[in-house]
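Residues per chain, in single letters:
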Amino acid sequence: MGIISFQGARSKTKKQDETPIKVSDYMTKELITFKPDQSVMEVVEALVKYKISGGPVVDNNNKLLGIISEGDCIKQLNESRYYNMPIDDAKVENFMVKDVETIDGNLNIFDAANKFLQTKRRRFPIIEDGKLVGQISQKDVMKAALKLNSQHWRDL
């Protein structure tokens, strides 16, 4: 008598290249960006209006120059009040972070999650051919995890 399997038919697992697990699959492509010569108050208005915590600063060719965040804006607001200086003159280029770490759009989403844990950053811009093409945030990684949760982790 032969061996009888009671497991039934198994579904074929997807190949890794068919499963969307790259940063570029989950990054935000439609970004609110800022210009270096914009006023910090314009940034504050945009952050509140769009309910975001910061955004990339780009030139007219969409080259990444820096990042400006809520914290950068609050610092400027605090300094202007302390020194009794008008805030309307404050420009983004003077308060943005210029040393910006980027992330590769081809990076595995789980490696990106690890990078978030190591660096304590909230977002990473994605650059292609010197131009800003998107941004991945911690929230985007969590969205990816929810989407991938229905699949078997070991198959990825």
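See the structure above.
Nothing here was measured: the structure is a model prediction, and the numbers come from that model.

*Asks:* What's the story with the overall build of the chain in this structure? I'm lost.
*Replies:* Scanning the chain from N- to C-terminus turns up five helices and four strands. Buried positions account for 33% of the 156 residues belonging to the chain. Here the contacts in the chain between residues at least 6 apart in sequence split such that 61% fall between residues at least 24 apart. Split by element, the accessible area of the chain, about 10,900 Å² in all, is 49% carbon and sulfur.

*Asks:* Which parts of the structure should I look at to understand helix 2 (residues 40–50)?
*Replies:* Among the residues of helix 2, Val 40, Val 43, Val 44, Ala 46 and Leu 47 are the ones counted as buried. All buried residues of helix 2 project into a common sector of 165° when viewed along the axis, lining one side. Pointing more than 90 degrees away from the buried face of helix 2 are the exposed residues Glu 45, Val 48 and Lys 49.

*Asks:* Got a minute to help me understand the packing of aromatic side chains in this structure?
*Replies:* Here a ring pair, both rings aromatic, is described through the centre-centre distance and the interplanar angle of the planes. A full pass over the atoms with the stated rule returns one aromatic pair. Between Phe 116 and Phe 124, the ring centres sit 4.9 Å apart and the planes meet at 50°, which makes this aromatic pair tilted. We note that Phe 116, like Phe 124, is buried.

*Asks:* Would you mind showing me how to read a negative patch on the surface here?
*Replies:* There is a patch of like negative charges on the surface, built from Asp 37, Glu 42, Glu 45 and Glu 93. Inspection of the secondary structure puts Glu 42 in helix 2.

*Asks:* I'm lost on the pattern of salt bridges in this one. Help?
*Replies:* Taken as a whole and judged by the stated rule, the model has three salt bridges. Across the pair Glu 101 and Lys 115 runs a salt bridge whose closest N-O atoms are separated by 3.1 Å. Of this pair, Glu 101 sits in the loop between helix 3 (70–82) and helix 4 (109–119) while Lys 115 sits in helix 4; the two residues are 14 residues apart in sequence, bridging distant segments of the chain. Accessibility expressed as a relative area gives 30% for Glu 101, which makes it partly exposed. The shortest N-O distance in the salt bridge between Glu 101 and Arg 121 comes to 2.7 Å. One end of the pair, Glu 101, is in the loop between helix 3 and helix 4; the other, Arg 121, is in the loop between helix 4 and strand 3 (123–128), and 20 residues separate them in sequence. Here the salt bridges share partners, and the residues they tie into one network are Glu 101, Lys 115 and Arg 121.

*Asks:* Quick question: what am I supposed to make of the pairing of strand 1 (residues 54–58) here?
*Replies:* Consecutive side chains of a regular strand alternate in pointing toward one face of the sheet and then the other. The element strand 1 is largely enclosed, with a buried count of five among its five residues. Two strands pair when backbone bridges link them, and strand 1 and strand 2 (residues 64–69) are joined in this way by five bridges, in the antiparallel orientation. When the bridges of strand 2 are listed, Gly 54 appears paired with Ser 69. Between strand 1 and the antiparallel strand that follows it, strand 2, lie five residues; Asn 62 among them carries a positive phi value of about 65°.

*Asks:* Got a minute to help me understand the nonpolar core in this structure?
*Replies:* Soluble globular proteins tend to bury their nonpolar side chains together. Within the largest apolar cluster, 14 residues are counted, with the highest numbers of intra-cluster contacts made by Val 23, Tyr 26, Ile 103, Ile 109, Ile 126 and Ile 136. Of all the secondary-structure elements, those providing two or more residues to this core are helix 1 (23–26), helix 4, strand 3 and helix 5 (138–148). Leaving out residues up to four positions away in the same chain, Tyr 26 has contacts with Pro 20, Ile 21, Ile 109, Ile 136, Asp 140, Ala 144, Lys 147 and Leu 148. Counting residues in each nonpolar core, the second largest holds 13 residues, with Val 44, Ala 46, Phe 95 and Met 96 among its members.

Conventions we followed
Residues numbered from 1 in each chain as written. Predicted model: local features only at pLDDT ≥ 70, side-chain atom pairs only at ≥ 80, totals over all residues. Heavy atoms only, no water. Helix = DSSP H or I, 4+ residues; strand = E, 2+ residues; numbered from the N terminus. Buried < 20%, exposed > 50% of the residue type's maximum accessible area, 1.4 Å probe, protein only. Contact = heavy atoms within 4.5 Å. Areas by Shrake-Rupley, 256 points an atom, 1.4 Å probe, with all protein chains shown as cover. Arc of directions from axis to C-beta. Phe/Tyr/Trp six-rings, centres within 6.5 Å; stacked < 30°, edge-to-face > 60°. Patch = residues over 30% accessible without salt bridge, like charges linked within 9 Å, V, L, I, M, F, W, Y side chains within 5 Å. Salt bridge = Lys/Arg side-chain N within 4 Å of Asp/Glu carboxyl O. Lys, Arg positive; Asp, Glu negative; His and termini not counted. Charge placed at Lys NZ, Arg CZ, Asp CG, Glu CD. Pairing = 2+ DSSP bridges. Core = buried A, V, L, I, M, F, W, Y, C linked by side-chain atoms within 4.5 Å.

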